[in-house]
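Structure at a glance
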Amino acid sequence: MSELNNIALKILNNGKGILAADESTGTMTKRLDSVKVPSTPQNRLLFREILFSASSMSECIGGVILYDETIKQETSKKENIPELISKMGSIPGIKVDTGAKNLAGSPNEKITEGLDGLRERLKEYHKLGAKFTKWRGVYSISKNYPSKLCVHSNAHALARYSALVQECEMVPIVEPEVLMDGEHSAKDCYEKTSEVIKKCFEELILHKVDLKGIILKPNMIITGNKSKDKISNEEIAKLTLQCLKNAVPSEVPGIAFLSGGQSEIEATENLNLINKHNNTNFIMSYSYGRALQQSALKYWSKNIQNIEGTQKVFNHRAKMNTLAAKGKWSKELEI
Ligand code: 13P
């Protein structure tokens, strides 16, 4: 087994998933503003340190995606953050893209940037303790979108990023996110997600990326958040499995879904059904940001010194998702 495959499996084995705590300072500020906590470097660190020292880190969270600010911060006990995460039994990772910008040639769409100087930044992150990385491409669905240009250019960037990451001996998370925003049907989401993922693998193969040493982070197949015809959770699970079975090469060891604006319970319930029906050889787990942190953030904002209470809320969500990653969650377990 290659070392990269080994890392990917360690992150996702036994129902473990990923905590996506890599919100940029801008996004984290929005999250903190929404619960009326000032977005200072200290507060951003305090909340994250509380999560990273919770007991579920060893049982449920196989990897944590960090943001550049956090990976360079020290905890209250003067440990660096990757050390804390490793000590808790999890694996530190880092978001390395520099964000989605307007795509020249199709300015209503986005292209993710960050390739310039990436090789050097990767070496620095690797030295700081990162064992895996993340890069997110975004695509929105409407009548004429995503365009071929958007699908192609983001796949190209994801592949160039992945090749550089593997060269630096880390596992790339490949995240092509087809956004939930809009009026589109589940069929549209299925077709566009298939197209986007297939193009990503075409480029990954062209760039000689070792598919056994990546983790795919896709969206589930759901209707747009403004669509009138919703589908059932069972249908979401079945369509998601069918789409991934057809679009993802069998060498890929694991798939870790983003939550993408689903509520905490929805994201857990859908993951559980996906695992109940999983007729593929892929590990199907989670790499959630909002769906792992929302309740904990709300609770914490009421008293930012309440470490134990906040960890309890976070541990519960992490446990529920780990049960879902084994297909063993049920609604009665929610409190
Ligand atoms: P959400 O689960 O909140 O969508 O975040 C996951 C993520 O990492 C988006 O890039």
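Remember, it's a predicted structure, so these values are computed and weren't measured experimentally.

The next point concerns the pairing of strand 6 (residues 132-139). The element strand 6 is extensively covered by neighbouring structure, given that seven of its eight residues are classed as buried. As paired elements, strand 3 (residues 91-95) and strand 6 share three bridges and run parallel to each other. Looking at strand 6, one finds that Lys-95 is bridged to Lys-134. Relative to strand 7 (residues 171-178), strand 6 is paired through eight bridges, and the arrangement is parallel. Among the inter-strand pairings, Val-138 is bridged to a residue of strand 7, identified as Glu-177. Chirality of the crossover, the property in question, places the unit of strand 6, helix 8 (residues 148-167) and strand 7 among those that are right-handed.

By the definition in use, this model includes three aromatic pairs. Note on Tyr-286 and Tyr-288: the rings are 5.6 Å apart at their centroids and 40° apart in plane angle, and the pair reads as tilted.

Okay, the packing of helix 12 (residues 290-302) against helix 13 (residues 307-324) next. Here helix 12 crosses helix 13 at 165°, and the two axes come no closer than 8 Å. By the criterion of interaxial angle, the relationship of helix 12 to helix 13 is roughly antiparallel. Where helix 12 crosses over helix 13, the handedness of that crossing is right-handed. Side by side, helix 12 and helix 13 meet where Ala-291, Leu-292, Ser-295, Ala-296, Tyr-299 and Trp-300 of the first sit next to Gly-309, Thr-310, Val-313, Phe-314, Arg-317, Ala-318 and Asn-321 of the second. Residue composition of the contact of helix 12 with helix 13, by class: eight nonpolar, four polar and one charged.

About the criteria used
- Each residue is numbered by its place in its chain's sequence as written, counting from 1.
- In keeping with the model being predicted, local features are shown solely for residues with a pLDDT of at least 70 and side-chain atom pairs are shown and tallied solely at 80 or more, while totals for entire chains, interfaces and linings include all residues.
- Note that water and hydrogens are dropped before the side-chain values are worked out from all heavy atoms of the structure.
- Exposure classes here rest on a 1.4 Å probe applied to the protein chains alone. A residue is buried below 20% of its type maximum, exposed above 50%, and partly exposed in between.
- Only DSSP runs of H or I covering at least 4 residues are called helices, and only runs of E covering at least 2 are called strands; the numbering of each starts at the N terminus.
- Should DSSP find at least two bridges between two strands, the strands are taken to pair.
- Convention used here: a crossover is right-handed provided that the path from the first strand, over the helix, to the second strand proceeds clockwise when the strands point away from the viewer.
- What counts as a ring pair is set by centres within 6.5 Å for rings of Phe, Tyr and Trp (its six-membered ring), and what kind of pair is set by the plane angle: stacked under 30 degrees, edge-to-face over 60, tilted for all other angles.
- An axis is simply a line fitted to the C-alpha atoms; with a helix, the fit covers only the stretch in contact. Between two such axes, the angle follows the N-to-C directions and lies from 0 to 180 degrees.
- Under this scheme an angle from 65 to 115 degrees is roughly perpendicular, one under 35 degrees roughly parallel, and one over 145 degrees roughly antiparallel; angles in between are oblique.
- When the near helix sits turned anticlockwise from the far one by under a right angle, the crossing is termed left-handed; a clockwise turn instead gives a right-handed crossing.
- Only heavy atoms enter the contact rule, under which two residues are in contact if any of them lie within 4.5 Å.
- For this classification, Asp, Glu, Lys and Arg are treated as charged, while Ala, Val, Leu, Ile, Met, Phe, Trp, Tyr, Cys and Pro are nonpolar and the rest, including Gly, are polar.

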